[in-house]
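Listed below, chain by chain, are the residues.
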Amino acid sequence: MAIRVQPQDFDLGAEIAQLRANDARVGAVVSFIGTVRDMNEGAGVSEMELEHYPGMTEKALDDIVAQAKARWSIFDALVIHRVGPLKPLDQIVLVAVTSAHRGEAFAACEFIMDYLKTQAPFWKKEQTAQGARWVDARVADDKALAKWGISSANSGGQE
């Protein structure tokens, strides 16, 4: 299991190759990449800045992956989340999961991402033509988390 919170970009191919290296049990690798959009809630976005609480953030991500490992038969998981200023098209987050079969990997990857969107201590600030604004968690994110039997305790942090 690897958790990284970093300002620098990542290379999907290199990260996946390293995640599955020398593990002949792996029959499935599922990944998700989130990117910065140029529009949100009807406004153009020129930049998004992600902030986090060092130490607390990594612990929360460790907990998310541990919960996924407890729910599904997965071999490994990788979560990379960027922080700092990002532009439209930039990669924000990578979640990748390995398992013997695709069903377990898809479910675990979706769970980690749903959990991350509502529970991880990240804060987003967007730059728009109208000025800077903090991004609130969306109702759809809370509903996605609820399908896993978890209610959101939205306290301002979100992915």
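Summarised in this report is the structure supplied together with it. (Residues numbered from 1 in each chain as written. Predicted model: local features only at pLDDT ≥ 70, side-chain atom pairs only at ≥ 80, totals over all residues. Heavy atoms only, no water.)

**Brief notes about the side chain of E126**
In this structure, E126 sits in strand β9 (residues 122-128). Classification of E126 by relative accessible area gives buried; the value is 5%. (Helix = DSSP H or I, 4+ residues; strand = E, 2+ residues; numbered from the N terminus. Buried < 20%, exposed > 50% of the residue type's maximum accessible area, 1.4 Å probe, protein only.)

**Considerations on the sheet that holds strand β2 (residues 28-35)**
Pairing is mixed across the open sheet formed by four strands, whose spatial order is β1-β6-β8-β2. Whereas interior strands pair on both sides, the edge strands pair on one side only; in this sheet they are β1 (2-6) and β2. With strand direction ignored, the average angle separating the axes of adjacent strands in the sheet is 5°. Relative to strand β8 (residues 91-99), β2 is paired through eight bridges, and the arrangement is antiparallel. Paired with G34 across the bridge in β8 is V93. (Pairing = 2+ DSSP bridges. Axes fitted to C-alpha atoms, helices over the stretch in contact; angles between N-to-C directions.)

**Brief notes about the nonpolar core**
With 34 residues, the main nonpolar core has L61, V97 and I112 as its most contacted residues. Examining the composition of this core, we find that nine residues originate from one element, helix α3 (residues 102-119), more than from any other. (Core = buried A, V, L, I, M, F, W, Y, C linked by side-chain atoms within 4.5 Å.)

**Some points on the environment of T118**
Within the fold, T118 resides in helix α3. Side chain to side chain, T118 and Q119 meet in a polar contact 3.4 Å long. (Polar contact = N/O pair within 3.5 Å; in protein donor to acceptor, adjacent residues only side chain to side chain.)

**Overview of the pairing of strand β10 (residues 131-134)**
Sheet topology places β9 next to β10; four bridges connect them, and they run antiparallel. Within β10, the position partnered with Q127 by the bridge is A132. Between β9 and β10, which follow one another and run antiparallel, lie two residues.

**A look at α3**
Taking 1.5 Å of rise per residue, the 18 residues of α3 would be expected to cover 26 Å, and the 25 Å separating its terminal C-alpha atoms lies within 8% of that figure. Listing the buried residues of α3 in full gives A105, A107, A108, C109, F111, I112, M113, D114, Y115, L116, K117 and T118. (Expected span 1.5 Å × (residues − 1).)

**Details of unusual backbone geometry**
Although it is not a glycine, N22 sits at a positive phi angle of roughly 60°. By the secondary structure assignment, N22 is in the loop between α1 (12-20) and β2. In this structure, L89 is a non-glycine residue whose phi angle is positive, near 85°. Within the secondary structure, L89 sits in the loop between β7 (84-86) and β8. What makes L89 exposed here is its relative accessible area of 75%.

**Details of the sheet that holds β7**
Read across the open sheet, the four strands follow the order β7-β5-β9-β10; overall the sheet is antiparallel. Two strands bound the open sheet, and with one partner strand each, they are β7 and β10. Direction aside, neighbouring strands of the sheet carry axes that sit 25° apart on average.

**Some remarks on the pattern of salt bridges**
Under the criterion given, the structure shown has six salt bridges. Note that D23 is salt-bridged to R25, the shortest N-O span being 2.8 Å. With relative accessibility at 51%, the residue R25 sits in the exposed group. In this structure, the salt-bridge partner of K87 is E47, at a minimum N-O distance of 3.3 Å. Of the two residues, K87 sits in the loop between β7 and β8 while E47 sits in strand β5 (residues 47-52), which places them 40 residues apart along the sequence. (Salt bridge = Lys/Arg side-chain N within 4 Å of Asp/Glu carboxyl O.)

By themselves, these figures tell us nothing about what the structure is for.
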